[in-house]
Each structure stands twice: as structure tokens, then as C-alpha cells.
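In case you want the letters, here they are:
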Amino acid sequence: MIYISVPYTGTAKETQERMEYVFAYFAYLANQQIHAMSPVLIGHQLIIRGAVTPSHDFWLPYSREMLRSSDEVHVLTVLGFDSSRGVSFEVTEAIEFGKPVTFVDPITFQPHVDQNECLARVITSNIV
């Protein structure tokens, strides 16, 4: 199971654009019979309906449990991925759980050439 990580918090336009990327990547994986999950896929519809809060305090424990049951983490490198508190948390937790982390281009769905640079950007720009 692949855990898809993407920043959520931002302007309405940024959030919508990020949702489109995560939907497209999820469909890309599903069409290859690769199972995936993301708290953004589940949470967005609940949040816009006012059924749950968008706060980090609410979502981080939920994300931790999803990460625990995943096999690996794919981070979509959309604008803001390297300054997102949530992405930083997810990457840090994945590493602690011994899960591989791959940084994926949100347009081509291909892994970035320099995975270490992406990781360094996420880790050094955020304190979880």
C-alpha cells in the first residue's frame, strides 16, 4: 500500500490544485492495480462539508496510523511540499517506521532524479 503525501493547507486555489494532483496520481496507481491511500483523499470531502476540522492536531494522529499500515510513502512535489508541516511529519514518521520515501513529480508521476535533495529540503525546512 502506497501512502500519498501532499500538502493540504493553503489558499482555496492551492488546495484545489493539490487535490487534482492527488486524484490524478491515485487514479494512475489504481489503473496499474497498485493500492494507495491518502488522508487528503478521505479528509477533503469531510472538511469542506464541515464534518471534521482541518487542524493538524486532529489529522496528524490519523495520518500516523495510515502511515503505520502502509508499505511506502510517495510525496507529490507540488508547490509547498518542502515547507508543509504535514508533509514533514509524514516523511519523518515514514523514516522512523522504516518505510521507503519517494518524491514524485506531480505531472509525469516519475520519481525525481535527486531524491536526497528533496528529502533534505523537507527535513531542513520543517521542525515537527
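Residues numbered from 1 in each chain as written. Predicted model: local features only at pLDDT ≥ 70, side-chain atom pairs only at ≥ 80, totals over all residues. Heavy atoms only, no water.

J.: Can you lay out helix 1 (residues 12-30) for me, pointing to particular residues and giving the numbers?
T.: For the α-helix, the turn length of 3.6 residues means that residues three or four positions removed from each other point alike. Counted at 1.5 Å a residue, the expected span for helix 1 with its 19 residues is 27 Å, and the 27 Å between its end C-alpha atoms agrees. Within the span of helix 1, buried status applies to Thr15, Arg18, Met19, Val22, Tyr25 and Leu29. The arc that holds every buried residue of helix 1, seen down its axis, measures 135 degrees, which confines them to one face. The exposed set on the far side of helix 1, more than 90 degrees from its buried face, consists of Ala12 and Lys13. (Helix = DSSP H or I, 4+ residues; strand = E, 2+ residues; numbered from the N terminus. Expected span 1.5 Å × (residues − 1). Buried < 20%, exposed > 50% of the residue type's maximum accessible area, 1.4 Å probe, protein only. Arc of directions from axis to C-beta.)

J.: Provide a residue-level description of the sheet that holds strand 2 (residues 36-37), including the pertinent values.
T.: Taken in spatial order, the four strands line up as 2-1-3-4 in an open sheet, and their pairing is parallel. If you trace the sheet from one side to the other, it starts and ends with strand 2 and strand 4 (101-104), each paired once. Bridge count between strand 1 (residues 2-5) and strand 2: two bridges; the pairing is parallel. Within the sheet, the bridge partner assigned to Ile2 lies in strand 2 and is Ala36. Contacting strand 1, strand 2, strand 3 (72-76) and strand 4, helix 1 runs over the sheet at an angle of about 160 degrees to strand 1. The strands touched by helix 4 (residues 85-96) are strand 1, strand 3 and strand 4; relative to strand 4, the strand with the most contacts, the crossing angle is about 145 degrees. (Pairing = 2+ DSSP bridges. Contact = heavy atoms within 4.5 Å. Axes fitted to C-alpha atoms, helices over the stretch in contact; angles between N-to-C directions.)

J.: I'd love a proper account of the nonpolar core, names of residues and values included.
T.: One finds Ile4, Val6, Val22, Tyr25, Leu29, Val40 and Leu76 to be the most contacted residues of the largest nonpolar core, which totals 15 residues. Those elements giving two or more residues to this core turn out to be strand 1, helix 1 and helix 2 (39-48). Non-local contacts of Tyr25, meaning those with residues more than four positions away in its chain, are made with Ile4, His74, Leu76, Val104 and Phe109. Listed in part, the 13 residues of the second largest apolar core include Tyr3, Met37, Val73 and Val75. (Core = buried A, V, L, I, M, F, W, Y, C linked by side-chain atoms within 4.5 Å.)

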